[in-house]
Amino acid sequence: MNPTFANFHEAFMRRALELARGGLGATHPNPMVGALIVEEGEIVAEGFHAKAGEAHAEIVALRALGRKRADGAILYVTLEPCCTQGRTPPCTEAILAAGIRQVVVGATDPNPRHAARGYEVLRAAGATVVTGVLAEECADLNLIFNHWIATNRPLLAAKIATTIDGRIACRTGESKWLTGELARADVMRWRRLFPAIAVGAGTVASDDPQLTARLPEGTWCPRRFIFDGALSIATLNPLPRLLTDEWRARTTIVTSERQHSVVVRKLEELGVEVWRLPAEAAVVSIAAFSERCAREGVTGVLVEGGSRLLSGLLQARAVDYLLAYRAPRVFADASSVPVATGLRVELPTVGLRLTEVRHALFGDDQLMRGRILYPDNLEIDAAPSNEADETRHHHCGCDHD
């Protein structure tokens, strides 16, 4: 692609990305998509996919134009236009019917059954199609959708907040606040993106979190999962607000299938759902949890649990993606709480690592995020270190309020 045209296309694609984010968290199981129409170097119409079942971004932009397109009009869209009938007609048909003959696309449809077919349909009808403009940014926009389409299971992403030396709480268990306001505000946007959030019972007992996304435009509550193999939170006095607040119907306790029905009924009478799943020694099967989420259409879960929960998930190779916030602090205290334990790593090349890494700064805090790669020879430590008191491992350093 000519560099001049590349810069020209990228500027408009960045605007399309901004538009796409208008559907943050509202399009599941569909992707977020933004589109705009350009005539003679000026944007004349814009649109984004606002909600599953509603018009796709390309259709919204065409409707916003409200007239016949000018000669040479260009459609920019962050994701390959669909070419098959779903809940809405194929966007390729609408694009061609509108007389658009130049289309610029960011990311290719990740569904193997559809990938690049939209391009073929458009080109066969005589349209010029430019692909791969800001492709990585456009693909990154839809981490959850891409994973769901490729694997038919939810994206399990863990979020941590640590010191430079990888600690999530000091030796007393205190963790507020490791990161600053800007980083915590970014966490709220991730909470709004994910359809569900998960913590362990220890985090609920110690922090009594809300687990809501509190944004300038209002408060939104994702589906809230609590991993509690022993149903210990049912004995807390007072009961945590996740079981009593206005959104308690969006709270689900994930526990062992062997738990007594009397305690389960007590929770259900509060308006809280209980999933009883296969478990070993009161530790719920993550595979069974993932399968249940898939059956119920939960496409992604943001895990904000503490060291114990994260350690178990990593040992089970269950975490797909990691969001790691790092504060400019050092504890240098072996009795402070580590982010995770339980693996045996004797060489740097054997440890877990991230790929498709992206970085961001929020004031003095850093965010590194990416997909987790597990080595083939990952070993579980038969005798994990006792450097931090196990009773404090539920503290997550996630800046719950």
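Cut-offs and rules
Residues numbered from 1 in each chain as written. Predicted model: local features only at pLDDT ≥ 70, side-chain atom pairs only at ≥ 80, totals over all residues. Heavy atoms only, no water. Buried < 20%, exposed > 50% of the residue type's maximum accessible area, 1.4 Å probe, protein only. Helix = DSSP H or I, 4+ residues; strand = E, 2+ residues; numbered from the N terminus. Pairing = 2+ DSSP bridges. Right-handed = clockwise from strand over helix to strand, strands pointing away. 1 Å grid on protein atoms, 1.4 Å probe; cavity = no way out; pocket = protein on both sides within 12 Å on 5 of 7 lines; lining within 4 Å. Points joined across faces, edges and corners; volume = space filled by probe spheres on them. Salt bridge = Lys/Arg side-chain N within 4 Å of Asp/Glu carboxyl O. Core = buried A, V, L, I, M, F, W, Y, C linked by side-chain atoms within 4.5 Å. Contact = heavy atoms within 4.5 Å. Axes fitted to C-alpha atoms, helices over the stretch in contact; angles between N-to-C directions. pLDDT = per-residue confidence, 0-100. Disulfide = S-S within 2.5 Å. Polar contact = N/O pair within 3.5 Å; in protein donor to acceptor, adjacent residues only side chain to side chain.

Colleague: I'm lost on the pairing of strand 4 (residues 102–107) in this one. Help?
Modeller: Across the six residues of strand 4, five count as buried, placing the element largely inside the fold. Strand direction decides the pairing type here: strand 4 and strand 5 (residues 128–130), joined by three bridges, are parallel. Paired with glutamine 102 across the two strands is threonine 128, which belongs to strand 5. Remark: the strand 4/helix 4 (residues 117–124)/strand 5 crossover connection has right-handed handedness.

Colleague: Which parts of the structure should I look at to understand empty space enclosed by the protein?
Modeller: Unoccupied space between atoms shows up once a probe the size of one water molecule is rolled over them. Using the criterion set out here, one finds two cavities of 30 Å³ or more in the structure. Thr27, His28, Asn30, Met32, Leu141, Asn142, Leu143, Ile144, Phe145 and Leu193 together form the lining of the largest cavity. The element that contributes the greatest number of residues to the lining of the largest cavity is helix 6 (residues 143–151), accounting for three residues. Its volume calculated, the second largest cavity comes out at about 30 Å³. Forming the walls of the second largest cavity are Ala158, Lys159, Ile160, Val303, Gly305 and Leu310. Considering each element in turn, the lining of the second largest cavity owes the most residues, three residues, to strand 6 (residues 155–162).

Colleague: Even after reading the chapter, I still don't get the pattern of salt bridges, so can you show me in this structure?
Modeller: One side chain can pair with another of opposite charge once the charged atoms of both are near each other. Applying the stated criterion across every chain, the model contains 17 salt bridges. Here arginine 15 makes a salt bridge to glutamate 46, at a shortest N to O gap of 2.8 Å. Within this pair, whereas arginine 15 is found in helix 1 (residues 3–20), its partner glutamate 46 is found in strand 2 (residues 42–48), the two being separated by 31 residues in sequence. The residue arginine 189 makes a salt bridge to aspartate 186 at a minimum N-O spacing of 3.5 Å. Taken together, the positions of arginine 189 and aspartate 186, both in helix 7 (residues 181–193) and three residues apart, correspond to about one turn of that helix. Looking at arginine 189, the relative accessible area reads 40%, which means it is partly exposed. Overlapping salt bridges bring together Arg223, Glu273, Arg292 and Glu296 as one network.

Colleague: I'm lost on the nonpolar core in this one. Help?
Modeller: For soluble globular proteins, nonpolar side chains are generally found buried alongside one another. If you look at the biggest cluster of nonpolar residues, it comprises 54 residues, and the most contacted ones within it are Met13, Ile37, Tyr76, Val103, Trp190, Phe194 and Tyr325. Element by element, the count of residues in this core is highest for helix 1, at six residues. Other than its neighbours up to four places away in sequence, methionine 13 contacts Tyr76, Val77, Thr78, Val104, Val105, Gly106, Val133, Leu134 and Cys138. By size, the runner-up hydrophobic cluster in this structure holds 31 residues, among which are Ala279, Val284, Ile372 and Leu378.

Colleague: Sorry if this is basic, but what is going on with the sheet that holds strand 5 here?
Modeller: The strands making up a sheet associate through backbone hydrogen bonding, with each pair oriented either parallel or antiparallel. Taken together, five strands build an open sheet; the order of strands is 2-1-3-4-5 and the sheet is mixed. A single partner strand is all that each edge strand has here, and the edge strands are strand 2 and strand 5. In this sheet, adjacent strand axes meet at a mean angle of 20 degrees when their direction is disregarded. Bridge count between strand 3 (residues 74–79) and strand 4: five bridges; the pairing is parallel. Opposite valine 77, over in strand 4, you have valine 105 as the bridge partner. Across the face of the sheet, helix 2 (residues 57–65) comes into contact with strand 1 (34–39), strand 2 and strand 3 while running at roughly 135 degrees to strand 2.

Colleague: I tried to follow the confidence of the model for the chain on my own but got confused; where do I start?
Modeller: Parts of the prediction with low pLDDT should not have their coordinates interpreted in detail. Predicted confidence across the chain gives a mean pLDDT of 89, with 93% of residues reaching 70 or more. Low pLDDT, under 50, characterises residues 384–399; the predicted model gives this stretch 58 contacts beyond four residues in sequence or across chains.

Colleague: What should I look at first to understand the state of the cysteines in this one?
Modeller: In protein structure, a disulfide is the covalent linkage between the sulfur atoms of two cysteines. Counted according to the given criterion, the structure contains zero disulfides. Here cysteine 91 is not cross-linked by a disulfide; its sulfur's nearest cysteine counterpart is in cysteine 82, at 3.6 Å.

Colleague: Before we go on, may I ask you to explain the sheet that holds strand 6 in this structure?
Modeller: Taken together, nine strands build an open sheet; the order of strands is 13-12-11-8-16-6-17-21-20 and the sheet is mixed. The open sheet has two edge strands, strand 13 (273–277) and strand 20 (353–362), and neither has a second partner. For this sheet, the mean angle separating the axes of adjacent strands, direction not counted, is 20 degrees. Note: strand 12 (residues 251–256) against strand 13, five bridges, orientation parallel. Within strand 13, the position partnered with isoleucine 253 by the bridge is valine 274. Running over the sheet, helix 9 (residues 261–269) touches strand 12 and strand 13 and is turned about 150 degrees from strand 13.

Colleague: So what exactly am I meant to see when it comes to the environment of arginine 184 here?
Modeller: Mapped onto the elements of the fold, arginine 184 is located in helix 7. Within the structure, the side chain of arginine 184 is placed 2.5 Å from the backbone oxygen of threonine 179, a separation counted as a polar contact.

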